[in-house]
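Examining the three-dimensional arrangement
One-letter residues, chain by chain:
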Amino acid sequence: MKTEFFETERESRGQRIDKYLSVLLPELSRSYIQKLLKDGQVLADGKAVKANYKLTGDEEILVTVPDAKEPDILPENIPLDILYEDADLLVVNKPKGMVVHPAAGHYSGTLVNALLYHCKDQLSGINGVLRPGIVHRIDRDTTGSLLVCKTDAAHRAIAEQLKEHSINRRYRAIVHGVLKEEEGTVNAPIGRHPTDRKKMAINEKNGKEAVTHYRVLQRFRQYTYIECVLETGRTHQIRVHMSSLHHPLLGDEIYGPARCPYPLQGQTLHAMTLGFLHPTTGAYLEFEAPLPAYFQELLEKLP
């Protein structure tokens, strides 16, 4: 259980408390904040208030967030496209539409459910029961290479390589517009969007370092096929950085245009190449996940 304390300011006068708290506590959904209010877990000047309470702009707010109860995550016999496997780790080619690890609304059908079935009890436990073996992740609608650790020792070694930015991660993407430069780098910190909790944004004040290198592979009439190399691995990094250049990813429902001219399921982004030092042998390993069929077909039909 944790508590959060806030002192409201004059500018917040007249604002609903649930909306006010959803900005200050972006890690909590507005519906969950409303549940906390309904359950009497939010006090204004010592008194429990409801979601429609209007701030005076001069009160003390105390929010109590109960400890989360972690659900049982069950193994599921879901086929995996395994690019490599040994006693320490495995590299999988994640399909489009698959969530990496369980979260609210997605407690089945995830990569973790599939891994629990395939690996039995042989998964790193460092990240807890919701994310066993998961040392890094890619978005639900991003496809491609993902490294999974079977042992805690392997997890720590790979996590250190991620921290040192020594893992080779190369992505393929299609972006709106025609890039003029052959290559470039975006070095801009990324953090939570100040008003939309579903989005990330370039945030000079509170963001974390984020560096993306890109180069043009092929130009089309209205789009550009590019390769992106990550130095860091922030949430939605490539999507945010390319959008900041006014070249959002084709199919990106969050950072791109409202309408997509092609019947796609989310952004055209593929984690193609993954290279790292093996945590036990020290040998450099590199794996390549082939472009998914939809991506290849799209490249062939773009004018």
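Scroll up to find the structure this text is about.
Scope of this entry: the structure provided in the associated data block.

This paragraph deals with empty space enclosed by the protein. The final tally for this structure, using the stated rule, is 1 cavity of 30 Å³ or more. Quantified by volume, the largest cavity comes out at close to 30 Å³. His-136, Ile-138, Ser-145, Arg-169, Tyr-171, Ala-271, Thr-273 and Leu-274 are the residues that line the largest cavity. At the level of secondary structure, the elements contributing two or more residues to the lining of the largest cavity comprise β8 (168–176) and β14 (269–277). Broken down by element, the residue count for the lining of the largest cavity peaks at 3 residues, all from β14. Taken together, the residues of the lining of the largest cavity break down into 4 nonpolar, 3 polar and 1 charged.

Two elements in contact, helix α1 (residues 17–24) and helix α2 (residues 30–38), have axes whose closest approach is 9 Å; the angle formed by their N-to-C orientations is 125 degrees. Between α1 and α2, the angle is such that the two are oblique. Seen from above, α1 lies across α2 with right-handed handedness. Together, Ile-17, Asp-18, Lys-19, Leu-21 and Ser-22 of α1 and Arg-30, Ile-33, Gln-34 and Leu-37 of α2 make up the contact between the two elements. Per-class residue counts for the contact of α1 with α2 are 4 nonpolar, 2 polar and 3 charged.

Quick look at the sheet that holds strand β2 (residues 42–44) now. The antiparallel open sheet is built from 4 strands, whose spatial order is β1-β4-β2-β3. In this open sheet, the two edge strands, each paired with only one partner strand, are β1 (2–7) and β3 (47–48). Where β2 and β3 come together, 2 bridges link them in antiparallel fashion. Within β3, the residue paired with Leu-43 across the bridge is Ala-48. Against the sheet, α2 touches β2 and β4 (60–65), its axis set at about 100 degrees to β4.

Time to look at the nonpolar core. Judged by nonpolar contacts, the single largest core of 31 residues is most densely connected at Tyr-171, Ile-226, Ile-238 and Met-242. Here this core gets 5 residues from one element, more than from any other, and that element is helix α3 (residues 111–119). When residues no more than four places from it in sequence are discounted, the contact partners of Met-242 are Val-175, Leu-179, Tyr-214, Ile-226, His-247, Pro-248 and Leu-249.

Enumeration according to the criterion identifies 13 salt bridges in this entry. A salt bridge links Arg-16 to Asp-18; the shortest N-O distance between them is 2.9 Å. For Arg-16, a relative accessible area of 32% corresponds to the partly exposed category. We classify Asp-18 as buried; its relative accessible area is 0%. For the salt bridge of Arg-137 with Asp-139, the shortest nitrogen-to-oxygen distance reads 3.8 Å. Note on Arg-137: relative accessible area 39%, which makes it partly exposed.

The rules behind each value
Residues numbered from 1 in each chain as written. Predicted model: local features only at pLDDT ≥ 70, side-chain atom pairs only at ≥ 80, totals over all residues. Heavy atoms only, no water. 1 Å grid on protein atoms, 1.4 Å probe; cavity = no way out; pocket = protein on both sides within 12 Å on 5 of 7 lines; lining within 4 Å. Points joined across faces, edges and corners; volume = space filled by probe spheres on them. Helix = DSSP H or I, 4+ residues; strand = E, 2+ residues; numbered from the N terminus. Nonpolar A, V, L, I, M, F, W, Y, C, P; charged D, E, K, R; others polar. Axes fitted to C-alpha atoms, helices over the stretch in contact; angles between N-to-C directions. Parallel < 35°, antiparallel > 145°, perpendicular 65-115°, else oblique. Left-handed = near helix turned anticlockwise from the far one by under 90°. Contact = heavy atoms within 4.5 Å. Pairing = 2+ DSSP bridges. Core = buried A, V, L, I, M, F, W, Y, C linked by side-chain atoms within 4.5 Å. Buried < 20%, exposed > 50% of the residue type's maximum accessible area, 1.4 Å probe, protein only. Salt bridge = Lys/Arg side-chain N within 4 Å of Asp/Glu carboxyl O.

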